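In case you want the letters, here they are:
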Amino acid sequence: MLELPRTIHDAVIAHARRDHPDECCGVLPGIDGRVTRIVEMQNAERSPTGFSWESGEVLALHRDMDDRDEEMLVVYHSHTMTEAAPSRTDVRFAVGATGPDVHWLIVSTREEATTEVRSFLIAADGEVSEEEVRLVDG
Amino acid sequence: MTVQVKIPTILRSYTGGEKSVEASGETLDAVFGDLESRHAGLRARLIAEGGGLHKFVNIYVDDEDVRFLGGLEAPVKDGQTVTILPAVAGGAGSQT
């Protein structure tokens, strides 16, 4: 289960809507499993089908998180033409780069009226488990 | 040449949970070789089968991405810090 402060949930959706039709991406740092804030990252690909991060921005993010004793709790991004579920690329990077403890939060902006927001944990063998997103005050 | 190497969470299983380890060498390649002698398996997570840096990691010497310093041949000096961070990417892809 991923507990998500309502303001951060809304900020993720706003980011996804703003960058549509390109994919948006970012990080929700946390302490002891609780999301502390939202960090919008630049999509270096500026693409409707993929995202990546520029290495200087990654270094700055991690130094900032270290200073605050935070960890990379959630990685979020949007799918703008398909459902909010991990693609093969997402699974490959979850296994290779983030590891099984990082939540993959995916937003779908393919429908104008509704925004799908779903969260997944992806095991070291690539098995995908969807988890509940519980909105909390904050 | 002794450097500090910062290890990301996903690779700490190779360092017994340590966030930072010491290593020696005059190039990044030598540092990774030295690391491998004490933390077996780590090198394969940093260097791809083809011989280049693995796409799942960003590696820096102090503030510089090593891709701009010569990759594995990047020189390292005594007291510098090698930082390894996860290189995250993804997206729907054009197939779906």
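Here the structure is a predicted model, which is why all the values come from computation and not from measurement.

Engineer: Is there a simple way to think about the interface of chain A and chain B in this case?
Structural biologist: The accessible area lost on association of the parts is a frequent measure of interface size. Residue-level contacts link 28 residues of chain A with 23 residues of chain B. Both faces considered, chain A and chain B share a buried interface measuring about 2,100 Å² in area, 62% of it formed by carbon and sulfur atoms. On inspection of chain A and its partner chain B, the count reaches one salt bridge. For B:Asp63, the salt bridge goes to A:Arg63, with nearest N and O atoms at 2.7 Å. At the boundary of chain A and chain B, one finds nine residue pairs in polar contact (both at pLDDT 80 or more).

Engineer: Where do I start with helix α3 (residues 88-98) of chain A in this structure?
Structural biologist: Spacing of three or four residues puts side chains on the same side of an α-helix, whose turn is 3.6 residues. Buried within α3(A) are the following residues: A:Asp90, A:Val91, A:Phe93, A:Ala94, A:Gly96, A:Ala97 and A:Thr98. Trailing α3(A) by a residue or two, A:Gly99 shows a phi angle of about 85°, which is positive.

Engineer: What is the right way to read the side chain of A:Ser52 from this model?
Structural biologist: By the secondary structure assignment, A:Ser52 is in strand β5 (residues 51-52). Given a relative accessible area of 17%, A:Ser52 falls into the buried group. Among all residues touching A:Ser52, those that are not within four sequence positions of it are A:Gln42, A:Asn43, A:Ala44, A:Glu45, B:Val88 and B:Ala89.

Engineer: Just checking my understanding: could you explain the packing of aromatic side chains for this structure?
Structural biologist: Here a ring pair, both rings aromatic, is described through the centre-centre distance and the interplanar angle of the planes. Throughout the structure, instances matching the rule amount to two aromatic pairs over all chains. Where A:Phe51 meets A:Trp53, the ring centres are 6.2 Å apart and the plane angle is 40°; that geometry is what we call tilted. For the residue pair A:Phe51 and A:Trp53, the accessibility class agrees, reading buried in each case. Ring plane angle 85° and centroid distance 5.1 Å describe the contact between A:Phe93 and B:Phe56, whose orientation is recorded as edge-to-face. Highlighted residues: A:Phe93 in helix α3 and B:Phe56 in the loop between α2 (42-46) and β3 (57-61), drawn from two different chains.

Engineer: It is not clear to me how unusual backbone geometry should be interpreted in this structure. Could you clarify?
Structural biologist: Comment: phi is negative for the bulk of residues other than glycine, and the bulk of peptide bonds are trans. All names here are of chain A. With omega at 15°, the peptide bond leading from histidine 20 into proline 21 counts as cis. With respect to the helices and strands, proline 21 occurs in the loop between α1 (6-19) and β2 (25-31). Of note, arginine 46 is a non-glycine position whose phi angle comes to about 40°, a positive value. With respect to the secondary-structure elements, arginine 46 resides in the loop between β4 (39-41) and β5. At aspartate 69, a position not held by glycine, the phi torsion is positive, near 60°. Mapped onto the fold, aspartate 69 is located in the loop between α2 (55-67) and β6 (71-79).

Calculation notes
Residues numbered from 1 in each chain as written. Chains lettered and ligands numbered in written order. Predicted model: local features only at pLDDT ≥ 70, side-chain atom pairs only at ≥ 80, totals over all residues. Heavy atoms only, no water. Contact = heavy atoms within 4.5 Å. Buried area = accessible area lost by both parts, 1.4 Å probe. Salt bridge = Lys/Arg side-chain N within 4 Å of Asp/Glu carboxyl O. Polar contact = N/O pair within 3.5 Å; in protein donor to acceptor, adjacent residues only side chain to side chain. Buried < 20%, exposed > 50% of the residue type's maximum accessible area, 1.4 Å probe, protein only. Helix = DSSP H or I, 4+ residues; strand = E, 2+ residues; numbered from the N terminus. Phe/Tyr/Trp six-rings, centres within 6.5 Å; stacked < 30°, edge-to-face > 60°.

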